[in-house]
Amino acid sequence: MKTKEIVKRAGKFSKPFRISDGSQFRLKDIDPDETLEFDSEDKPRSKEMLALGIEALAELQDMLYAQDTWAVLLIFQAMDAAGKDGTIKHVMSGINPQGCQVVSFKAPSAQELDHDYLWRCAVSLPERGRIGIFNRSYYEETLAVRVHPEFLERQRLPSDVVTKDIWQDRFRDIRRFERYLTRNGIVVRKFFLHVSRKEQKKRFLERLENPDKNWKFSASDIKEREHWDDYMQAYEDMIRNTATKHAPWYVVPADNKWFTRLVVAAAIVKTLGSLGLKYPEVGPEKLRALAAAKKTLLAEK
């Protein structure tokens, strides 16, 4: 199947989960267990589709790198155990590492706290021709920091800026920041992997019961789970206020990992396919140089 056809199909497949106007968005409208027309017996077909998507993604990324004009920023946000790491690993498995970079943002360091909250992400933005992946991002400033007011206190902000409107102020700043990135050739796409509380519990238990997965579990995971409702409200508000046409959110059902990966791959393929990517054209002077190089090589004994 040609890449153009894959891009076309990818757009239709990912469209139900794309939010470019969040004014009417409700998190409850997206079922974490949604699989569209697929069922458990369709997993082989889904794997075949994912393989096609990864192949197309590799071709498009190669042109993105060669053209060296656009940069693409992919932001992943989710509750613990929603599958961010696995999704990034599987979907980007065919990408040339030379043209891709992944940055995982943990709790901010002392140095990072001495800067504005966008600083640590801004210095990690992808270069032209590259795909940058943020595993968590500046959106934590409207999520974890909102759910845990003590995190905000550690930022030592002037009291004048910590008002009742601080979250709306941050939403406004983020919208403008992403608009700025777009105007500078950095395409922004954001993914919220929407896992259910029930499925998260199941995955936590798997980590606890499987010695090979014990390392993935942290006592803080349980503490954060206690704030589930607060997080859901924060996520809904975040998406509602920062989903825009130029930097849309994809709210991806995450209870079935195979389906999550399929939707994310489709959205990325669609995004790259919309950029009009192509390999740079070689001019007359370059063609003459290539011909001379070929002649030299053929003349060798």
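Residues numbered from 1 in each chain as written. Predicted model: local features only at pLDDT ≥ 70, side-chain atom pairs only at ≥ 80, totals over all residues. Heavy atoms only, no water.

1. Here's the deal with the packing of aromatic side chains
In the structure shown here, the tally under the stated rule is 13 aromatic pairs. On the basis of an interplanar angle of 75 degrees and a centroid distance of 6.0 Å, the ring pair of Phe38 and Trp258 is categorised as edge-to-face. Of this pair, Phe38 sits in the loop between strand S1 (18–19) and helix H2 (43–67) while Trp258 is found in helix H12 (residues 257–273), placing the two residues 220 residues apart along the sequence. Looking at Trp258, the relative accessible area reads 15%, which means it is buried. Ring geometry for Tyr138 against Tyr139: centres 5.0 Å apart, planes inclined by 40 degrees, an arrangement best described as tilted. Its relative accessible area of 1% is what places Tyr138 among the buried residues. In this arrangement the basic side chain of Arg170 is found over the ring face of Tyr117, its NZ or CZ atom lying 4.5 Å from the centre. (Phe/Tyr/Trp six-rings, centres within 6.5 Å; stacked < 30°, edge-to-face > 60°. Helix = DSSP H or I, 4+ residues; strand = E, 2+ residues; numbered from the N terminus. Buried < 20%, exposed > 50% of the residue type's maximum accessible area, 1.4 Å probe, protein only. Lys NZ or Arg CZ within 6 Å of the ring centre and 35° of its normal.)

2. Examining helix H8 (residues 166–183)
Given 3.6 residues per helical turn, the α-helix brings residues three or four places apart onto the same face. Given a rise of 1.5 Å per residue, 18 residues ought to cover 26 Å, and the 26 Å separating the end C-alpha atoms of H8 matches this to within 8%. Of all the positions in H8, only Ile166, Trp167, Arg170, Phe171, Ile174, Phe177, Glu178 and Leu181 are classed as buried. Buried residues along H8 cover an arc of 140 degrees about the axis, so they all sit on one side. Set apart from the buried face of H8 by more than 90 degrees, the exposed residues are Arg176 and Arg183. (Expected span 1.5 Å × (residues − 1). Arc of directions from axis to C-beta.)

3. Details of the nonpolar core
Residues Met92, Ile131, Tyr138, Phe191, Ile268 and Leu272 are the most contacted members of the largest nonpolar core, which totals 86 residues. Examining the composition of this core, we find that 11 residues originate from one element, H12, more than from any other. (Core = buried A, V, L, I, M, F, W, Y, C linked by side-chain atoms within 4.5 Å.)

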